[in-house]
Amino acid sequence: MESGQLPDSQKQTFLRALELLCDPWLKQNLTTMHPNVYKYVYQVLKMAYDVLPSTEQHPRPKLKIRLPTLAAIPSIEEEKEPEPVPVVVVEKPQKPKQPTPKKKVKLEPEFERCRKALQKIMNLKSAFWFLQPVDHVGMGLVNYLDVIKEPMDLGTIMTQLEAGEIQSVQEFSRLVRLVFENAIKYNPELSQVTVDAKQLLFRFDSEFSSELATMDDETKEMCLDVLQKLFASEHSAIFRAPVDPQLYATYYKVIKDPMDLTTCKQRLESGQYPTLQHFHQDIRKIINNCYKFNKKGTYGYAAGRSFENYYNQIRKVLALMIGRQR
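> Before we move on, could you go through the nonpolar core and cite the residues and values that matter?
The biggest cluster of nonpolar side chains holds 29 residues, and the ones touching the most others in it are Leu 118, Phe 130, Leu 154, Ile 157, Phe 172, Val 176 and Phe 180. Among the secondary structure elements, those contributing two or more residues to this core are α4 (109-122), α6 (154-162), α7 (169-186) and α8 (192-212). Sort the elements by how many residues they give to this core and α7 lands first, with eight residues.

Printed below as a string of structure tokens:
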């Protein structure tokens with residue numbers, strides 16, 4: 001029985017008595033009365049019953065139910081004022097500490113190429129499946145870690161790469177392939193995730209592998225030897241350093257991608273040429289820029305022709321190397 005209510009049996013007693021002796025309004029509102037009011041009703045009811053005249057013509061009705069005694073009615077103590085609720089000072093919750101972002105480091109040229117290649121992949125529309133770790137808990141993939149032993153995603157690779165945690169280009173390539181191989185392994189063959197993973201894996205192997213290649217020491221030494229010969233030649237005098245814009249004011253308006261032998265050497269020594277073909281393309285750029293800026297019959301155009309002929313003589317071995325790599 002909840003506090004402040006009479007048992008059903010006592011309520012039935014009052015209802016039966018009120019049917020005989022009490023006002024209909026009181027009967028109607030009995031079930032909503034406070035128990036203290038019950039006591040008052042009982043007292044009035046008892047007095048009314050006791051003083052009810054009984055004559056031969058109008059005998060006092062006999063109740064077929066027994067009225068409850070006053071003691072049977074639960075006593076309700078005087079309602080007390082509620083005790084004041086103590087004021088609890090709640091400190092302003094502190095924001096949860098966010099993991100400290102890994103500090104970016106200056107990348108070596110080969111890892112900078114990796115970063116650029118990875119960014120190209122991440123910018124592709126079909127790569128959105130693979131930008132963040134798989135939320136196997138939220139997605140209810142209860143067997144994900146049983147099937148995929150080394151989870152990986154492109155966002156994690158980028159973070160590790162920029163923090164200098166990936167030690168080689170080969171490891172970078174392995175991790176990128178792992179992202180797509182995991183997706184192919186776990187998802188149904190005809191699912192969109194698997195289809196996109198296969199396409200990106202093929203694209204990574206076909207388009208980006210050459211960008212991530214590194215020139216071996218033997219090839220690098222050969223290219224340095226070619227540069228030394230070019231520097232020593234009289235044919236290279238105007239191609240050894242960047243063009244001075246004070247001497248040729250319109251040069252950089254015409255030539256949008258300038259090149260010179262000093263820049264080639266810096267790129268070679270810093271590992272910015274992944275293949276022999278890339279080195280050759282920069283030498284050819286020097287020659288093509290010369291022909292573009294200088295008109296036929298001028299000194300500059302003639303110097304470019306002499307430089308090209310000399311380069312073709314000393315690049316025979318270079319051509320053989322390029323042919324093997326194609």
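> Account for empty space enclosed by the protein, with residues named and values stated.
Across all of its chains, the model carries one cavity of 30 Å³ or more by this definition. Forming the boundary of the largest cavity are Pro 242, Val 243, Tyr 251, Tyr 252, Pro 258, Met 259 and Asp 260. Here the residues of the lining of the largest cavity sort into six nonpolar, no polar and one charged.

> Lay out the pattern of salt bridges with the relevant residues and their values.
Opposite charge on two side chains lets them pair, provided their charged atoms get close. Applying the stated criterion across every chain yields a total of 10 salt bridges. Between Asp 205 and Arg 177 there is a salt bridge; the shortest N-O distance is 2.7 Å. With Asp 205 in helix α8 and Arg 177 in helix α7, the pair connects residues that are 28 residues apart, well separated along the chain. Among the residues examined, Arg 177 registers a relative accessible area of 25% and is labelled partly exposed. For Lys 285, the salt bridge is made with Asp 257, and the minimal N-O distance between the two is 2.7 Å. In this pair, Lys 285 is assigned in helix α12 (residues 276-293) and Asp 257 in the loop between α10 (251-254) and α11 (261-269), connecting sequence segments 28 residues apart. Residue Asp 257 is classed as partly exposed on the basis of its relative accessible area, which comes to 40%. Each of Asp 257, Arg 267, Asp 282 and Lys 285 takes part in one network of salt bridges that share partners.

The rules behind these values
Residues numbered from 1 in each chain as written. Predicted model: local features only at pLDDT ≥ 70, side-chain atom pairs only at ≥ 80, totals over all residues. Heavy atoms only, no water. Core = buried A, V, L, I, M, F, W, Y, C linked by side-chain atoms within 4.5 Å. Buried < 20%, exposed > 50% of the residue type's maximum accessible area, 1.4 Å probe, protein only. Helix = DSSP H or I, 4+ residues; strand = E, 2+ residues; numbered from the N terminus. 1 Å grid on protein atoms, 1.4 Å probe; cavity = no way out; pocket = protein on both sides within 12 Å on 5 of 7 lines; lining within 4 Å. Points joined across faces, edges and corners; volume = space filled by probe spheres on them. Nonpolar A, V, L, I, M, F, W, Y, C, P; charged D, E, K, R; others polar. Salt bridge = Lys/Arg side-chain N within 4 Å of Asp/Glu carboxyl O.

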